[in-house]
Amino acid sequence: MPEAVLIAHGAPSDPEPTELALQQLARDVAAELPGWRVRGATVAAPGALERAFDGLSPEAVVFPVFMCDGWIIRRILPDCLAAIGRAGTRVLTPLGQAPGFKFHCAQMLTEAMAEAGLTPSETTVVLAAHGSARGPIPEAWAAGLARDITDLTDLRMVIPAYLEQAPYLADVLAMVPGPAICLPGFATNAGHAMGDVPDAIAQSHFAGLVLPTVGTTPGMVHLIARELQASEIAEVAA
């Protein structure tokens, strides 16, 4: 039986809501994958990873519910897995770098504009992203996704803006021409999506449309299930 653990960072100051959300996400993904065992856990919740892997085989894989292969996946997650006796566990491509993710974002924006009566060629999107002072990967991910969304839509422009580096989200939201949409490019409704993004919106007096956190929107369950299936096929064929 194929096995997978969906792992997100979570919110260290209040780990339970995101932990419960990851467990529900795992149940929803499992419902689309008959014959699979799928569990969910966050790094932030004490003991959660160990509980998630309890009883799973050494072949169980990790699906990172992260936007990109940055600091946590490269440096923190391997240590966490080693600490529970799972060193060497196969870690799949993160959610935000999955092939279907950019198409989901483009469709999400297209539907939102149609519902709001906005003309794509006149609309600017601000992609709210984490950024990082520890390396270039998060910035490169956001810039690449912005280009992909632009290529897939007729939007006027897509501007990446960050919480932890320039250009800062509040600054971009304050000067972006209207009509405009803010797309929170985060995997879960943890601290950044629920605290930092609303704070930046309030500080900037942004009056445009604010979409839900992209990693929590309908379609993510199917996208993750499809990625897990593809990983299993690739492993069998290798």
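None of the values given here were measured: they were computed from a predicted structure. (Residues numbered from 1 in each chain as written. Predicted model: local features only at pLDDT ≥ 70, side-chain atom pairs only at ≥ 80, totals over all residues. Heavy atoms only, no water.)

## Re the confidence of the model for the protein chain
Across the protein chain, the average pLDDT comes to 93, with 98% of residues at 70 or higher. Helix α8 (residues 220-237) is the least confidently modelled element of the protein chain, averaging 85 in pLDDT, while strand β6 (residues 180-184) averages 98, the highest of any element. (pLDDT = per-residue confidence, 0-100. Helix = DSSP H or I, 4+ residues; strand = E, 2+ residues; numbered from the N terminus.)

## Some thoughts on the pairing of strand β2 (residues 37-42)
Successive side chains on a regular strand alternate, one facing one side of the sheet and the next facing the other. Judged from the 6 bridges that link them, strand β1 (residues 3-8) and β2 form a sheet pairing that is parallel. Its bridge partner lying in β2, Ile7 is registered against Ala41. Read from β1 through helix α1 (residues 15-31) to β2, the crossover connection turns out right-handed. (Pairing = 2+ DSSP bridges. Right-handed = clockwise from strand over helix to strand, strands pointing away.)

## Some remarks on unusual backbone geometry
Omega for the bond connecting Ala166 with Pro167 falls within 30 degrees of zero, at -5 degrees, which places this linkage in the cis form. Tracing the backbone shows Pro167 in the loop between β5 (157-162) and α6 (169-175). Of note, the phi angle at His205 is positive, near 60 degrees, even though the residue is not glycine. Here His205 falls in the exposed class, since its relative accessible area comes to 68%. (Buried < 20%, exposed > 50% of the residue type's maximum accessible area, 1.4 Å probe, protein only.)

## A word on the packing of helix α4 (residues 101-116) against helix α5 (residues 137-152)
When two helices pack together, their arrangement is given by the angle between the helix axes and the distance between those axes. Direction vectors running N to C along α4 and α5 enclose 55 degrees, while the axes themselves pass 9 Å from each other. Relative to α5, the element α4 is oriented oblique. Helix-helix and strand crossings are classified by hand; for α4 and α5 the assignment is right-handed. Here Phe101, Lys102, Phe103, Cys105, Ala106 and Leu109 of α4 come into contact with α5, specifically with Trp141, Leu145, Asp148, Ile149 and Leu152. Class assignment of the residues belonging to the contact of α4 with α5 gives a composition of 9 nonpolar, no polar and 2 charged. (Axes fitted to C-alpha atoms, helices over the stretch in contact; angles between N-to-C directions. Parallel < 35°, antiparallel > 145°, perpendicular 65-115°, else oblique. Left-handed = near helix turned anticlockwise from the far one by under 90°. Contact = heavy atoms within 4.5 Å. Nonpolar A, V, L, I, M, F, W, Y, C, P; charged D, E, K, R; others polar.)

## Describing the side chain of Glu3
Relative to the helices and strands, Glu3 is located in strand β1. Reaching out from Glu3, the side chain makes a polar contact with the side chain of Ser57 at a distance of 2.7 Å. (Polar contact = N/O pair within 3.5 Å; in protein donor to acceptor, adjacent residues only side chain to side chain.)

## Some points on the sheet that holds strand β3 (residues 61-64)
Sheet strands associate in pairs through backbone hydrogen bonding, adopting either a parallel or an antiparallel arrangement. The parallel open sheet is built from 3 strands, whose spatial order is β2-β1-β3. Either end of the sheet is taken by a strand with one partner, and the two such strands are β2 and β3. Across the sheet, the axes of successive neighbouring strands diverge by a mean angle of 25 degrees, strand direction being ignored. Where α1 meets the sheet, its contacts fall on β1 and β2, and the angle it forms with β2 comes to roughly 165 degrees.

## Observations regarding the side chain of Thr124
Position of Thr124 among the secondary structure elements: in strand β4 (residues 124-129). With near-sequence residues (within four places) excluded, Thr124 lies in contact with Arg156, Met157, Ile159, Val176, Pro177, Pro179, Ala180 and Ile181.

## Digging into helix α3 (residues 71-83)
With 13 residues, α3 extends 18 Å between its outermost C-alpha atoms, agreeing within 8% with the 18 Å of an ideal straight helix rising 1.5 Å per residue. The axis of α3 is deflected most strongly, by about 35 degrees, at Leu77, and proline Pro78 appears within four residues downstream. Restricting attention to buried positions, one finds in α3 the residues Ile73, Leu77 and Leu81. Check the buried side of α3 and you find it contacts β1, α2 (48-53) and β3. The first or second residue beyond α3 is Gly85, which carries a positive phi of 80 degrees. (Expected span 1.5 Å × (residues − 1). Bend = angle between axes of the 7 residues up to and from the residue.)

## Comments concerning the pattern of salt bridges
All chains considered together, the criterion is met by 2 salt bridges. In this structure, Arg37 engages Glu3 in a salt bridge whose closest nitrogen and oxygen atoms are separated by 2.5 Å. Of this pair, Arg37 sits in strand β2 while Glu3 is found in strand β1, placing the two residues 34 residues apart along the sequence. A relative accessible area of 31% means that Arg37 is categorised as partly exposed. A salt bridge links Asp69 to Arg74, with the shortest nitrogen-to-oxygen separation between them at 3.3 Å. (Salt bridge = Lys/Arg side-chain N within 4 Å of Asp/Glu carboxyl O.)

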